[in-house]
Structure formats: structure tokens, C-alpha cells
Amino acid sequence: MSLYTYEALPVAEWFRRNKELAGFHNPTRALYQTIRELTENSLDATETYGILPTVYLRVKIEDEQKSWVSVYAEDNGIGIPGDEIPNVFGRVFYSSKYRIKQHRGVFGLGLKMVVLYAQSTTNKPVYVRSATVKSDKIYEYQIMIDTNKNSPIILDRREYPNRQKWHGTAVKVYLEGNWLGAKKRIEEYIKRTAIIAPYAEIVFKGPDLELWLKRRTTKLPPAPKEGLPHPKSVDVDTLKQMIQASRGMTLLEFLTENFDAVGEGTAKAFLEWAGFNPNAKVAGLTPEELVRLVEKMKQYEGWRRPRADWLSPVGAELLEIGAKAILGAEAVFAVTRRPESYGGHPFIVEAAVAWGGQIPPSDKPILLRYANKIPLLYDEGADVARKVVDEFHWDNYKVKFPAPLAVIIHVCSTKIPYASAGKEAIAEVPEIEKEMRLALRDAAKKLRLYLSRKEREQELLNKYIS
Ligand code: ADP
Ligand code: MG
């Protein structure tokens, strides 16, 4: 054999070998992650399009000996066009969410990891049934993934008339999964999802667990719009691609048409500052000039800040409804901060403090973390939110531990800075850390007011009683 044997590893094959990077470490994590990916896709396919989500989830033990389970998920979302179903389920990095807009999904990977894990443990295909809004057909497929080609293998395909005008998606997979190991996390995940999405109806049926999280409100958060990149957020490759698509343009036209927060005045001022001719054609820029342009775009202080229309925060009102209902708190105080940005990416921090009722007293606040409405359950210690909550001066806000206190921190952004590929913790970005601290302060002030009032009432009561 030669000393030099090189080969390319197909992308799907790489992910099959490195499952833990996407959260599929073992049968426990894999079952949890499967529920997570399917639920998040269902919520993206509904609320983003103004549909009140109804999500039905079921876990069944299929073969106790082999620890095979099946997971079924069904939603009332916008569905998937029939001819897109194979790629959506069978091609890694195939997505409708590679847009500048807040989604739960970002990589175009989740479903494929579910299918890859399922087929590599049970050798069974994924079953899909879907219909788009107003479609007169329902499509049904059985699909596996050819990991060497990164393409779908269609084992079965059927069409039915859609007389009821149903729309949505139903998915069923068979996988090796540890129900007993995953049960608690799954329960936690679904309840936490219901806190941040009280407008969703989620039904879960497991071997010895049934959850019915009713819809608490019919108000949906504002849907995110689709946006353009901010000049501070692009790298050289992105810029090159953008130039490819607008070769005929001058620099001035290119900047004003392709970027967020850049009007003609701003673009002119920037180009003058950076030493570029506004009338030069973008197609004529040398590689060195491209690098310099990106550098200058990052340094320039005169851009307007990124717009936040691409984001979809939950809002204080919905957070309070969700936390009261699911945590059974006596009182909840929530705030949504103003949009801020880091590295050209807009973000919004929301925080809520929940007090009393069914919250058990503990030595430090219970922390519920969220990123783009996804509950984060693992790696709490690595999350900047934990640090912020631990360093917070609770004694300034009339909180003495042990206290029945839960803190919710939600970051939404077009780019969440995760601390690791597992997407379970938010990294220490100074701008985000600062906003978390301020959000917590704003919410804790309301709590202090509430606790003072209670204290006064108690004193009065004591006076009358004694
Ligand atoms: P991502 O969610 O990151 O885009 P996925 O592999 O999970 O990646 O999904 C790929 C694509 O499949 C999504 O972008 C979406 O267009 C489509 N999709 C997945 N699940 C659903 C669903 N339940 N309803 C409608 N479309 C879906
Ligand atoms: Mg997804």
C-alpha cells in the first residue's frame, strides 16, 4: 500500500461518524435529540408563518430487548412540497432556513441526523407524510440516506387526495433509544418549550408519561422578517459570493443594495473614509482590495446598528403567561430589552424572574436558558447566563436564599454564539453578557417592588393580629 493514500470523506458520512457533535452521543441523548429536532422543526413550520402550533409527539417501545423505540411527530405547519421531501430528509445541509431571519433550525442538519442515527441503529427508513397549505395531494415517503452520495434513497412513494385540506407534516422513525434514561430530560424539554411558547398546544405520549400542554393564549409573537447582512458581519468569502451575484454594480450601488443599515449617504461616507472610489465596479476589485474592504467594513463606526426586524422575541406578556402556567409561580416579572448587536449580528435579550408558588426554595436561583426559543438543557456551567445569574447581587433586590426563585433568560439573534457545536450553551460575548445583566436588573427591580409590598402587608397584618 502506498504511503500516500488520500481520499475525501463525504459530508453525510462524516456526520454519521461524528454523531456526538450534533447531540447524538448515545441512546439516551439520541432519543432526547430526536424529540428536540422534530419539535423545533414543527414550531418553525407553524409560528413563523402565523399558524398556532399544535404538535403531537409519541414515543413507543418497539423492542425491549434491542432497546428499539419509535418516535412519531405530527404538526399543523405549512408542510413540505412533495418533490422537496426526499432532499429535506435525505441530504445533509439542505434547508429553507439559510436566510437572515430568526429560526430554531440553522444548519440544515437536524432531520438528517435523526435519519442517519435511526438507520445506523435499526436499519429502518424514515416515514414521512406531508401536505402543503391548500395542496390537493398528501405525499407519503419512506426514505433512507446514501451517506456516500449524500443523497436520499426513496424506498416508497405514494400520493393521496387531500379531501380534508389537511396541511402539516408527520414523521416516524425507529431508533435505538433509552426511554428511561431520556424521560426526565424530555419532560423538562417539553415543559420548558411550553413556557416560552404558551401559544402552542403540545401533546406528548410516552410509555409511562403523558403530557398535555394546553394553549394558554392565541397571541403569537411577531413573525420575523427576512433581512440583509450588516456590513460588520461579513467575511471575505461571503463578500466574494455577494459580488458574484452583482458583478455589474459600482461599489456604491453594491453597498446600498446588499446590506442592512446602509443608505446612500452612509455608503458614500464610508467609501471616502476607507479610501475606495464609489464608482469603481465591484467586479474589478483585486483580492487585496477585497480583504481591505472587509477590514474597513468591520472597523467603521458610522454604520447604523443592525435592524432587529429579523428577530422574534417572545415579549414580556407571553413570558409571564408561560412561566405562571408551567412553573406555577405566584408572580412573574418579565422584560424585553432593546435590540443590540455584536459583530454586526442583532440580538435581543429577554429575562423573567418567577417567584413563589410551586417553585421549590433553593440556595441559588433555578435557571431556565433559551436561545431563539429553544430550551438549553445541557452544559449549564459553560453558559454565560449561569455566570451572570450567579454574580448577580440578589441581596440588593430583597432576595435572601434559600428562595423560591427561577430565572428565565432568552437570547434571540440571527446568529447565536454557541460555546460549542452541541448548541447547548451561549458563549461569553461581552455585549450579550452586559444585556443579560441589564435585563436581569430590570426584572429584579420589579420583583423587589413586589416583595416590599408583600413585606409591608405582612407587617400591617402582624400589627393587627398582635
Ligand atoms: P433546519 O431545521 O436547520 O433547516 P432540518 O434538517 O431540521 O434543518 O430541516 C430541513 C428543512 O426541512 C427545513 O429547513 C424545513 O424547510 C423543512 N422541514 C423540516 N421539518 C419540517 C416540518 N415539520 N414542516 C415543514 N417543513 C419542515
Ligand atoms: Mg431543524
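Just above, that's the structure.
Remember, it's a predicted structure, so these values are computed and weren't measured experimentally.

What to know about the nonpolar core
Thinking step 1. Counting 72 residues, the largest nonpolar core has Phe-89, Ile-186, Ile-190 and Phe-204 as the members making the most contacts within it.
Thinking step 2. Residue assignment places this core across two domains, with domain 1 (11-213) and domain 3 (316-456) each supplying three or more.
Thinking step 3. Not counting chain neighbours up to four residues away, the residues in contact with Phe-89 comprise Ile-80, Leu-111, Lys-112, Val-115, Val-126, Val-128, Ile-143, Ile-145 and Val-171.

With respect to the site of ligand 1
Thinking step 1. The environment of ligand 1 is made up of 19 residues, and the closest members are Ser-95, Ser-96, Lys-97, Gly-108 and Lys-112.
Thinking step 2. At 2.8 Å from an oxygen atom of ligand 1 is found a main-chain nitrogen or oxygen belonging to Gly-108.
Thinking step 3. Contacts to ligand 1 include Leu-111, whose backbone N or O atom sits 3.1 Å from an oxygen atom.
Thinking step 4. The protein chains hide 93% of the 540 Å² of surface that ligand 1 would expose on its own.
Thinking step 5. A per-element tally of the shell around ligand 1 places helix α4 (residues 110-122) first, with three residues.

A look at the pairing of strand β9 (residues 331-336)
Thinking step 1. When you tally the buried positions in β9, you get five out of six residues, the bulk of the element.
Thinking step 2. Direction of pairing for β9 relative to strand β11 (residues 345-355): antiparallel, over a ladder of six bridges. Among the inter-strand pairings, Phe-333 is bridged to a residue of β11, identified as Val-353.

What about the pattern of salt bridges?
Thinking step 1. In this structure the tally under the stated criterion is 36 salt bridges.
Thinking step 2. A salt bridge links Arg-307 to Asp-309; its shortest N-O distance comes to 3.9 Å.
Thinking step 3. Between Lys-454 and Glu-330 there is a salt bridge whose closest N-O contact spans 2.7 Å. With Lys-454 in helix α12 (residues 430-465) and Glu-330 in the loop between α10 (316-327) and β9, this residue pair connects regions lying 124 residues apart in the sequence.
Thinking step 4. The class of Glu-330 is partly exposed, set by a relative accessible area of 35%.
Thinking step 5. Within this structure, Asp-44, Glu-47, Lys-97, Arg-104 and Lys-373 form a network of salt bridges that share partners.

So, the sheet that holds strand β3 (residues 126-131)
Thinking step 1. The eight strands are arranged β5-β4-β3-β6-β2-β1-β7-β8 in an open sheet whose pairing can be described as mixed. The open sheet has two edge strands with one neighbour each: β5 (151-161) and β8 (209-213). This sheet shows a mean twist of 15° between the axes of neighbouring strands, independent of strand direction.
Thinking step 2. The pairing of strand β1 (residues 54-63) with strand β2 (residues 68-75) spans eight bridges and is antiparallel. Across the sheet, the residue bridging to Asp-63 is Trp-68, located in β2.

Considerations on α10
Each full turn of the α-helix corresponds to 3.6 residues, which orients residues three or four apart in the same direction.
Thinking step 1. When the terminal C-alpha atoms of α10 are compared, their 16 Å separation across 12 residues agrees well with the 16 Å that a helix rising 1.5 Å per residue should span.
Thinking step 2. Within α10, burial applies to Leu-318, Leu-319, Gly-322, Ala-323, Ile-326 and Leu-327. The buried residues of α10 occupy an angular sector of 125° when the element is viewed end-on, so they sit on one face.

Considering the packing of aromatic side chains
Thinking step 1. Summed over the entire model, instances satisfying the criterion amount to 19 aromatic pairs.
Thinking step 2. Between Tyr-32 and Tyr-378 the ring centres are 5.4 Å apart and the planes differ by 65°, which places this aromatic pair in the edge-to-face class. Here the residue Tyr-32 occupies a position in helix α2 (residues 27-46), and Tyr-378 occupies one in the loop between β13 (374-376) and α11 (384-391), the gap between them amounting to 346 residues. Per residue, the accessibility class of Tyr-32 equals that of Tyr-378, and both read buried.
Thinking step 3. On the basis of an interplanar angle of 80° and a centroid distance of 5.9 Å, the ring pair of Phe-254 and Phe-259 is categorised as edge-to-face. Summarising the burial analysis for this pair, Phe-254 and Phe-259 share the class buried.

What about the packing of helix α7 (residues 251-258) against helix α8 (residues 264-274)?
Thinking step 1. Two elements in contact, α7 and α8, have axes whose closest approach is 9 Å; the angle formed by their N-to-C orientations is 130°. It follows that α7 is oblique to α8 by the angle criterion. Between α7 and α8 the crossing geometry is right-handed. Every residue of α8 that contacts α7 at Leu-251, Leu-252, Leu-255 and Thr-256 is listed here: Glu-264, Ala-267, Lys-268, Phe-270 and Leu-271.
Thinking step 2. The residue inventory of the contact of α7 with α8, partitioned by class, reads six nonpolar, one polar and two charged.

Quick notes on the rules
Residues numbered from 1 in each chain as written. Chains lettered and ligands numbered in written order. Predicted model: local features only at pLDDT ≥ 70, side-chain atom pairs only at ≥ 80, totals over all residues. Heavy atoms only, no water. Core = buried A, V, L, I, M, F, W, Y, C linked by side-chain atoms within 4.5 Å. Buried < 20%, exposed > 50% of the residue type's maximum accessible area, 1.4 Å probe, protein only. Domains from an automatic or database assignment. Contact = heavy atoms within 4.5 Å. Near = heavy atom within 4 Å. Polar contact = N/O pair within 3.5 Å; in protein donor to acceptor, adjacent residues only side chain to side chain. Areas by Shrake-Rupley, 256 points an atom, 1.4 Å probe, with all protein chains shown as cover. Helix = DSSP H or I, 4+ residues; strand = E, 2+ residues; numbered from the N terminus. Pairing = 2+ DSSP bridges. Salt bridge = Lys/Arg side-chain N within 4 Å of Asp/Glu carboxyl O. Axes fitted to C-alpha atoms, helices over the stretch in contact; angles between N-to-C directions. Expected span 1.5 Å × (residues − 1). Arc of directions from axis to C-beta. Phe/Tyr/Trp six-rings, centres within 6.5 Å; stacked < 30°, edge-to-face > 60°. Parallel < 35°, antiparallel > 145°, perpendicular 65-115°, else oblique. Left-handed = near helix turned anticlockwise from the far one by under 90°. Nonpolar A, V, L, I, M, F, W, Y, C, P; charged D, E, K, R; others polar.

Nothing here speaks to function; it is geometry throughout.
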